[in-house]
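What follows is each chain in one-letter form.
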There are 2 protein chains.
Amino acid sequence: MAVTLDQVAEAAGVSKSTASRVLSGSSRVSAQTKRAVQSAAERLGYRPNRIASGLRTRRSNLVGLVITNLVNASFHRITEVLQQRLDERGYQVLLCVTDSDPARERRYLDMLLDHRVDGLIIVGTGDNTATVRQVSAAGIPVVNLMRSPDSAPGDSVMAADRDGAELAVRHLLDLGHRSVAFIGGPAGVDSGRDRYAGFAAALATVGLEPDPALCARGPFTVPFGAEAAMRLMGADNPPTALYSANHEATFGVLGALVQLGVRVPEQLSLVCHEEAPWFPYWHPPITVVDNGARDLGELAAEQLLRRIDSRPDNGDPGEESVGRLIRVGSRLVVRDSTAAPRRPE
Amino acid sequence: MAVTLDQVAEAAGVSKSTASRVLSGSSRVSAQTKRAVQSAAERLGYRPNRIASGLRTRRSNLVGLVITNLVNASFHRITEVLQQRLDERGYQVLLCVTDSDPARERRYLDMLLDHRVDGLIIVGTGDNTATVRQVSAAGIPVVNLMRSPDSAPGDSVMAADRDGAELAVRHLLDLGHRSVAFIGGPAGVDSGRDRYAGFAAALATVGLEPDPALCARGPFTVPFGAEAAMRLMGADNPPTALYSANHEATFGVLGALVQLGVRVPEQLSLVCHEEAPWFPYWHPPITVVDNGARDLGELAAEQLLRRIDSRPDNGDPGEESVGRLIRVGSRLVVRDSTAAPRRPE
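Residues numbered from 1 in each chain as written. Chains lettered and ligands numbered in written order. Predicted model: local features only at pLDDT ≥ 70, side-chain atom pairs only at ≥ 80, totals over all residues. Heavy atoms only, no water.

A. Expanded view of the relation of the copies chain B and chain A. Its rotation angle being 180 degrees, the transformation that places chain B on chain A also includes 0.0 Å of axial translation and leaves an RMSD of 0.1 Å. Such a combination of rotation and displacement between the chain copies is what one expects of a two-fold axis. Within chain B, the C-alpha atom positioned nearest to the axis of rotation is that of B:Leu94, 2.4 Å from it. A share of 100% of the interface residues of chain B reappears at the interface of chain A, consistent with the copies meeting face to face through the same patch. (Least-squares fit on C-alpha atoms with pLDDT ≥ 70 in both. Contact = heavy atoms within 4.5 Å.)

B. Expanded view of the sheet that holds strand E12 (residues 331-333) of chain B. Residues and elements named next belong to chain B. A sheet is described by the order of its strands in space; here 6 strands give the open sequence E7-E6-E8-E9-E10-E12, paired in mixed fashion. The open sheet has two free edges, formed respectively by strand E7 (215-217) and E12, since each of these has just one partner strand. On average, each strand axis in the sheet is inclined to that of its neighbour by 15 degrees, with strand direction left out of account. Examined bridge by bridge, strand E6 (residues 180-184) and E7 share 3 bridges and lie parallel to one another. The residue of E7 that forms the bridge with Phe 182 is Cys 215. Against the sheet, helix H11 (residues 247-260) contacts E6, strand E8 (241-244) and strand E9 (269-273), and its axis sits at roughly 155 degrees relative to E9. (Pairing = 2+ DSSP bridges. Helix = DSSP H or I, 4+ residues; strand = E, 2+ residues; numbered from the N terminus. Axes fitted to C-alpha atoms, helices over the stretch in contact; angles between N-to-C directions.)

C. Seen up close, the side chain of A:Thr79. Relative to the elements of secondary structure, A:Thr79 occurs in helix H5 (residues 73-88). The exposure class of A:Thr79 is buried, given its relative accessible area of 1%. With near-sequence residues (within four places) excluded, A:Thr79 lies in contact with A:Leu65, A:Ile67, A:Leu70, A:Leu95, B:Leu70 and B:Leu95. (Buried < 20%, exposed > 50% of the residue type's maximum accessible area, 1.4 Å probe, protein only.)

D. Local environment of unusual backbone geometry. Residues and elements named next belong to chain A. In this structure, Pro 265 follows Val 264 across a cis peptide bond, with omega equal to 5 degrees. The residue Pro 265 is located in the loop between helix H11 (247-260) and strand E9 (269-273) in this model. Phi is positive for Asn 61, close to 60 degrees, though the residue is something other than glycine. Tracing the backbone through its elements, the reader meets Asn 61 in the loop between helix H4 (50-57) and strand E1 (62-67). The class for Asn 61 is buried, based on a relative accessible area of 8%. Non-glycine residue Glu 274 carries a positive phi angle of around 85 degrees. The topology assignment puts Glu 274 in the loop between E9 and strand E10 (287-290).

E. Structural detail: helix H10 (residues 222-233) of chain A. Residue and element names in this part refer to chain A. Taking 1.5 Å per residue as the helical rise, H10 with its 12 residues ought to reach 16 Å, and the 17 Å between its terminal C-alpha atoms agrees with that figure. Buried residues of H10: Val 222, Phe 224, Gly 225, Ala 226, Ala 228, Ala 229, Leu 232 and Met 233, and no others. Each element contacted by the buried residues of H10 is listed here: strand E6 (180-184), strand E7 (215-217), strand E8 (241-244) and H11. (Expected span 1.5 Å × (residues − 1).)

F. Region of the structure containing the pattern of salt bridges. Residue and element names in this part refer to chain A. By the definition in use, this model includes 28 salt bridges over all chains. In this structure, Arg 195 and Asp 161 form a salt bridge, with 3.0 Å as the shortest nitrogen-oxygen distance. With Arg 195 in helix H9 (residues 190-204) and Asp 161 in helix H8 (residues 161-174), this residue pair connects regions lying 34 residues apart in the sequence. With its nearest N and O atoms 3.6 Å apart, the salt bridge here joins Glu 298 to Arg 294. Here Glu 298 pairs with Arg 294, and both are found in helix H12 (residues 293-309), just 4 residues apart, close to one helical turn. With a relative accessible area of 15%, Glu 298 lands in the buried category. Look at the salt bridges and you will find they share partners, linking Arg 85, Glu 88, Arg 294 and Glu 298 into a network. (Salt bridge = Lys/Arg side-chain N within 4 Å of Asp/Glu carboxyl O.)

G. Structural view of the packing of aromatic side chains. For the structure shown, the criterion picks out 20 aromatic pairs over all chains. Ring geometry for A:Phe251 and A:Trp278: centres 5.6 Å apart, planes at 35 degrees, overall tilted. Taken together, the residues A:Phe251 in helix H11 and A:Trp278 in the loop between E9 and E10 connect sequence positions 27 residues apart. For the pair A:Phe251 and A:Trp278, a shared accessibility class is recorded, and that class is buried. Measuring from ring centre to ring centre gives 5.1 Å for A:Trp278 and A:Phe279, while their planes differ by 75 degrees; the resulting arrangement is edge-to-face. Each member of the pair A:Trp278 and A:Phe279 is classed as buried. The structure contains a cluster of three or more aromatic residues connected by ring pairs, namely A:Phe251, A:Trp278, A:Phe279, A:Trp282, B:Phe251, B:Trp278, B:Phe279 and B:Trp282. Geometry around A:Tyr196 places A:Arg217 over its ring, the cationic atom sitting 3.8 Å from the centre. Taking NZ or CZ as reference, B:Arg107 lies 5.9 Å from the ring centre of B:Tyr108, over its face. (Phe/Tyr/Trp six-rings, centres within 6.5 Å; stacked < 30°, edge-to-face > 60°. Lys NZ or Arg CZ within 6 Å of the ring centre and 35° of its normal.)

Structure representation (structure tokens):
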């Protein structure tokens, strides 16, 4: 026979509603009362019926995570961190992988509304801001992650992609490179646009402009990176440095460099954007722009939890507060793949 | 004003309970009735309250996925596939990453019971089979994925790790190699144990036994692979072939080989277990044992959905059926990293 909330409340010497507030994770209870209820629940082996309590409290304890894919190292790291942080506070992640498909994203958003999620974290395609607005209008806090479409409701937690790109390229320029190639993502995606802008801004500090012959912008795929590197390094006058700003393409770039026998950093200095667990162990260990994937996950979780906590208990949408933009700074991690060019030009 | 189920039923000309059955995804309704209800729901803009319907139907439309991590390529691929397949059938994934911590796993299992999940897919640590039994005893179908602890309840969908290892090592032996090294996972994990067994079985077919000096078994980390490869290749009498059976370690192995200047396949033939998106584009393209991550995800989803569909509607645990073991065959994908040894020994 299942233990009831009444029995827990009686054992703890509190009212049923107080016991319910403690067990649903409300913070508006004294620490002493909290301990009494929790220890009574544990002693009696009480397991809440979350479906029934969800109907009563209008809280599902579910958070929707809408994300592009799990193959990208930043995305899978962020997903792990978010899930852990939210779980620590009693919220579970409903995982929704869009593969950048706006139609799938749209269906997920409708479904998350049906499940009455308590919050939404979205790496959005940018094509469904109207639907995201419906979510927000239903009183569900929204955090835009990594991508923040114009007019998106809610808070945004973003990587400092432009700054990171500038750090990478200024490092190469400071070493004496003047022929710096760029391999990046498409211009239609925040990271693709911002990293290219940082690349151009760094070049401008030494009076240079991006040379179209040294720039390749394309999809987040391995073959794109391999082909771009083959083309750039096979040219009559190959660059002495490469800033690889497209994480998926980077794996194709590395394979192409091994295939062409390009020695790093002797013949080519290389900086990659986004860390991978084995870059420090590569030969040579790779200089990277660390975009702070772990911090992005932590901050998105914290910001969402803050908004959930400050929502009125009756489930009505609170007064609309202005969305906040939080940017996580990028860090340049200098390893051995970057050095001065052999003959300064 | 929200559209009610009554309005949908009236518009479709069916009873409320029939409309409810269609919209909760029951298969026991004629195709014609289904279409009528679905089109009425769509026309009217009906959105079900999943929490209320969950209490009524005892279905949450949630499936728990308990998995080790999302960094491993097989794990993140499987998670993507599972999520897509389950979503197509109206089920959402509650993601639970354990990091191989039995205490976290235990908490997740309790939490998933609280959320009244309709099914559980678990890559288990093996330390919580008693709790998994409780889940199963509550009438919730369980699928063990990649790891199947003794006495685990439910079905199991497993990779053919032992067979895959045999394929890899027999390929090396057929090319003429007799000095074959092994870098693998710990013996306490199914994949670590089974791949070593396949390695030993293949050697036995030519009258050899594993040479302890050529075997490294350790954690699923990049540094372990780097150190193991440095030690093996730095020995007085290095092997002519290497079967890298530990996916995470493989990235350390590749870095070490570049660092040592080992030419593949001229000086060392290399087979890696588990595919990565960039292995076909590596230099040289890497021969792999494809463990069928996509099929593992598809089959785990299908098997779970089959069990959910055959569960009686009243939510009682059905008569206990014997768990089924499904094994997904491994495939050897021969690329350019394997060749005959230069001087056959």
